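# Architecture and fold: a report
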Amino acid sequence: GSLRDTCPNGMAVLVLGSGIAGLRTAVALLRAGRKVIIRSAHAPKSMQTPSPGAGGLWMPFHCEDERTNEWASTTLQEYLEMEYQGHGAVEVVPAIIFKGEMMAGEEAEISGAHHPPPSWASNRDLGFSTVSIEDLVKGNTSHSSRPERGPSSAATAAIVNNGAGLSGGSDHKSRSTTEKKVHVPAFAERYHSAWTFHVPIVDSPALLGEFHQELIDGGADVNTNTLFSSASEAIEFANGCTGEDEIDAIVNCTGSGTLTGDESVVLARGVLRYYRRPPGFDTCMLIEDPPFASERYPLYAIPRGGYVAVGGTYLEDDIEASPRDEEREMLDRNAELLLPSDGMHFEPVGEWVGFRPVRPAGVAFGLNESLTRQANRKLKWVDNYGHGGAGWTVAAGCARDVVDLLS
């Protein structure tokens, strides 16, 4: 794509990046009546970007920002609304996070002070609770009573139904959440307690494809074979669209921060393997505590459509683009630990390496005054990157705030 590609008629917004942050932002702008131009180096479902290969779990993860919970809550409501409407790309499943290694002779007295819940757990739609392992094994948990919900508003339902049906469903999706049995692995007794809740899982490639199609159908100018090497090149392109073709804003959704010269972004490498989803397996499980896991090597299983994503790693500044042999062996062991096997050996059907754009100082979001001045005319530069491992968790909330900022 040339930097001088013809722009659509009228005032437009140039969105840089076509991962979940870029596509969800572009869709929000399109729905708000703005003309949208998207430029990205990769197609939305390219495995060279983090979004399509991700497990699709809604949960704030290494996204340290005071605005995260609000963005995440907005996105959660969108996913729950989609699931309520029968959207095939979202499934709500019971989730377990095991906490604290149980020491020999220790009494499992459960208290919030022992393992205080994360701040996002206060959202009532999650049905979050802290339980003993004994109660978890016996089934005496809130997993059996997911909070009821209905459509929150006709407007939201209309947004959710826009383009519904473009992605295929799953046999697993057809069962209601209350019919889904919680799988508790044999190693659970090695932990002190557990957090239980209900969580949406997004079929990442399917929803990316749907958003992409909505943009095409809505007349957006989408070119996913364009690489801007700097912010100056993007500004040059935007400034070249004048008169009836004028662009009045650039939204930077390229996660790594290289376009703006932001050296604070740390790329945290994640590795996972996909396995066929065992019949009746509906439980999302996550562990970061010993003896089976750590912050660098979290243990998790995320049921997504017909597959289960098993992980994983959180390795900062590790740039290896392919899984190492020892990592494949580790993930196979994780699958044996987490999934109900009935003596079956799990054969992987795919694998993925992605790099989470973690920004310790917080998400780069809002008007970039320096680049706005550099544009030398009435052109706003807005940043929306550095979401860590929470891109799918905050996407709708960030997109809403971009629309508000440019209104």
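Heads up: the structure comes first, above all this text.
Let me sum up the structure you'll find in this document. Note that this is a predicted model, so its numbers are computed, not measured.

### Let's talk about the side chain of Thr68
- Residue position: Thr68 is located in helix α3 (residues 68-84).
- Discounting chain neighbours no more than four positions away, the residues touching Thr68 are Pro60, Cys63 and Val394.

### Looking at the packing of helix α1 (residues 20-31) against helix α10 (residues 391-406)
- Remark: α1 packs on α10, axes separated minimally by 8 Å, with the N-to-C direction vectors making an angle of 40°. When the axis of α1 is compared with that of α10, the two are oblique. Like other packed secondary-structure pairs, α1 and α10 cross with a definite hand, here right-handed. Two secondary-structure elements touch here, α1 through Ile20, Arg24, Thr25, Ala28 and Leu29 and α10 through Gly391, Trp392, Ala395, Ala396, Ala399, Val402, Val403 and Leu406.
- Classifying every residue of the contact of α1 with α10 gives 10 nonpolar, 2 polar and 1 charged.

### Some details on the packing of α1 against helix α6 (residues 204-217)
- Taken N-terminus to C-terminus, the directions of α1 and α6 make an angle of 35°; their axes are 10 Å apart at the nearest point. In this structure, α1 crosses over α6, and the sense of that crossing is left-handed. Here Ile20, Leu23, Arg24, Ala26, Val27, Leu30 and Arg31 of α1 lie close against α6, whose contacting residues are Leu208, Phe211, His212, Glu214 and Leu215.
- When the residues that make up the contact of α1 with α6 are grouped by side-chain class, the tally is 8 nonpolar, 1 polar and 3 charged.

### Side note on the pattern of salt bridges
- For the structure on display, the rule yields 21 salt bridges.
- Of the charged contacts in the structure, one is a salt bridge between Glu214 and Arg31, with a shortest N-O distance of 2.8 Å. Note that Glu214 is positioned in helix α6 and Arg31 in helix α1, a separation of 183 residues in sequence.
- When its relative accessible area of 9% is taken as the criterion, Glu214 is described as buried.
- A salt bridge links Glu91 to Lys180; the shortest N-O distance between them is 2.8 Å. Here Lys180 lies in the loop between α5 (154-161) and β5 (191-202) and Glu91 lies in strand β3 (residues 90-101), a separation of 89 residues in the sequence. In terms of burial, Glu91 and Lys180 fall into one category: buried.

### Thoughts on the pairing of strand β10 (residues 299-304)
- Burial analysis of β10 places 6 of its 6 residues in the buried class, which makes it a mostly covered element.
- The two faces of β10 match: Leu299, Ala301 and Pro303 on one face and Tyr300, Ile302 and Arg304 on the other face are all buried.
- Note that strand β9 (residues 284-287) and β10 share 3 bridges and pair antiparallel. Directly across from Ile287, in β10, lies its bridge partner Leu299.
- Relative to strand β11 (residues 307-311), β10 is paired through 5 bridges, and the arrangement is antiparallel. Across the sheet, Ala301 pairs through a bridge with Val310, a residue of β11.
- Here β10 folds back onto β11 in antiparallel fashion, the turn holding 2 residues, of which Gly305 has a positive phi close to 60°.

### Thoughts on unusual backbone geometry
- Between Pro290 and the following residue, Pro291, the backbone shows a cis peptide bond with an omega angle of 10°.
- The step from Gly311 to Gly312 runs through a cis peptide bond, and the omega angle for that step is 0°.
- Note that Gly312 resides in the loop between β11 and β12 (315-316).
- Phi angles above zero are rare outside glycine, and His62 is one such case at about 50°.
- Among the secondary structure elements, His62 is positioned in the loop between α2 (50-53) and α3.

### Describing the packing of aromatic side chains
- Counted according to the given criterion, the structure contains 13 aromatic pairs.
- Measuring from ring centre to ring centre gives 5.3 Å for Trp71 and Phe365, while their planes differ by 55°; the resulting arrangement is tilted. Remark: Phe365 occurs in strand β14 (residues 364-367) and Trp71 occurs in helix α3; sequence separation between them is 294 residues. Note on accessibility: Trp71 and Phe365 belong to one class, buried.
- Geometrically, the ring pair formed by Trp120 and Phe128 is edge-to-face, given 5.9 Å between the ring centres and 90° between the ring planes.
- A relative accessible area of 10% means that Trp120 is categorised as buried.

### A word on the sheet that holds strand β15 (residues 380-385)
- Here we have 6 strands laid out as an open sheet, ordered β6-β2-β1-β7-β15-β14, and mixed in their pairing. Each edge of the open sheet carries a strand with a single partner, namely β6 (221-223) and β14. The average angle at which neighbouring strand axes cross in this sheet is 20°, direction not considered.
- Across the sheet, α10 lies against β1 (12-16), β7 (247-252), β14 and β15, angled at about 170° from β15, the strand it touches most.

Calculation notes
Residues numbered from 1 in each chain as written. Predicted model: local features only at pLDDT ≥ 70, side-chain atom pairs only at ≥ 80, totals over all residues. Heavy atoms only, no water. Helix = DSSP H or I, 4+ residues; strand = E, 2+ residues; numbered from the N terminus. Contact = heavy atoms within 4.5 Å. Axes fitted to C-alpha atoms, helices over the stretch in contact; angles between N-to-C directions. Parallel < 35°, antiparallel > 145°, perpendicular 65-115°, else oblique. Left-handed = near helix turned anticlockwise from the far one by under 90°. Nonpolar A, V, L, I, M, F, W, Y, C, P; charged D, E, K, R; others polar. Salt bridge = Lys/Arg side-chain N within 4 Å of Asp/Glu carboxyl O. Buried < 20%, exposed > 50% of the residue type's maximum accessible area, 1.4 Å probe, protein only. Pairing = 2+ DSSP bridges. Phe/Tyr/Trp six-rings, centres within 6.5 Å; stacked < 30°, edge-to-face > 60°.

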